[in-house]
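Given next are the chains, with one letter for each unit.
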Amino acid sequence: MCSPSWQVPVGDPKLLNASELIANLRDLIVHLHRGNAAQSETLLTNVAAYLKQVMASGADPNSEEMLRTQQTQFAIDEVRLLLTDGDF
């Protein structure tokens, strides 16, 4: 039986692939909507680790992929701030 991605312990981010990233973002939206802060934080950690890995890949920083990755990282940072403030 496959366990949901939000059960990965905080502080131990699982490296994701692109399709897992999309699934984690979808799950994040659901958990934020339901007010599940712990699960949301774990998903944020996983997504941030993936984005950090992409940004450290050495790809052209002006490429569309890298610009999109940077924008997504900014959005994830904003969600994390809102989650820390309990304002979600």
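Residues numbered from 1 in each chain as written. Predicted model: local features only at pLDDT ≥ 70, side-chain atom pairs only at ≥ 80, totals over all residues. Heavy atoms only, no water.

1. Some details on the overall build of the protein chain
Quick note on the threshold: Strands here mean DSSP runs of E at least two residues long; helices mean DSSP runs of H or I at least four residues long; both are numbered from the N terminus. When checking whether two residues touch, look at their non-hydrogen atoms; a contact exists if any pair is within 4.5 Å. Note on areas: Shrake-Rupley with a 1.4 Å probe; residue coverage comes only from the protein chains shown.
Looking only at helices and strands, the protein chain has three helices and zero strands in total. Counting helices and strands in the order they occur from the N terminus, the protein chain gives α-α-α. Intrachain contacts of the protein chain at a sequence separation of at least 6 include 57% that bridge at least 24 residues. With the model as given, the accessible surface of the protein chain reaches about 5700 Å², and the carbon-plus-sulfur share is 57%.

2. Let's talk about the nonpolar core
Heads up, the rule is: For this analysis, a nonpolar core means a set of buried residues of the types Ala, Val, Leu, Ile, Met, Phe, Trp, Tyr and Cys, connected via side-chain atoms within 4.5 Å. Only protein chains enter the accessibility calculation, which uses a 1.4 Å probe; a residue whose area is less than 20% of its type maximum is buried, one above 50% is exposed, and one in between is partly exposed.
The biggest cluster of nonpolar side chains holds 13 residues, and the ones touching the most others in it are Leu-28, Leu-44, Val-47, Tyr-50, Leu-51 and Ile-76. Among the elements of the structure, α1 (18-34), α2 (37-55) and α3 (64-85) are those that each provide at least two residues to this core. Here this core gets seven residues from one element, more than from any other, and that element is α2.

3. A few points about the packing of α2 against α3
Operational definition: In this description, a line fitted to the C-alpha atoms serves as the axis of each element, helices being fitted only across the stretch in contact, and the angle between N-to-C directions of two axes falls anywhere from 0 to 180 degrees. In what follows, roughly perpendicular refers to angles from 65 to 115 degrees, roughly parallel to angles under 35, roughly antiparallel to angles over 145, and oblique to any angle outside these ranges. Crossing handedness is read from the near helix: turned anticlockwise from the far helix by less than a right angle, it gives a left-handed crossing, and turned clockwise, a right-handed one. Gly is placed with the polar residues, together with every amino acid not listed as nonpolar (Ala, Val, Leu, Ile, Met, Phe, Trp, Tyr, Cys and Pro) or charged (Asp, Glu, Lys and Arg).
Where α2 meets α3, the closest approach of the two axes is 10 Å, and the angle between their N-to-C directions is 155°. By the angle class used here, α2 and α3 are roughly antiparallel. The two elements α2 and α3 cross, and the hand of that crossing is left-handed. On the side of α2, the interface is formed by Ala-37, Ser-40, Glu-41, Leu-44, Thr-45, Val-47, Ala-48, Leu-51, Lys-52, Val-54 and Met-55, while α3 contributes Glu-65, Met-66, Thr-69, Gln-70, Thr-72, Gln-73, Ile-76, Val-79, Arg-80 and Leu-83. Residues belonging to the contact of α2 with α3 are distributed by class as follows: 11 nonpolar, six polar and four charged.

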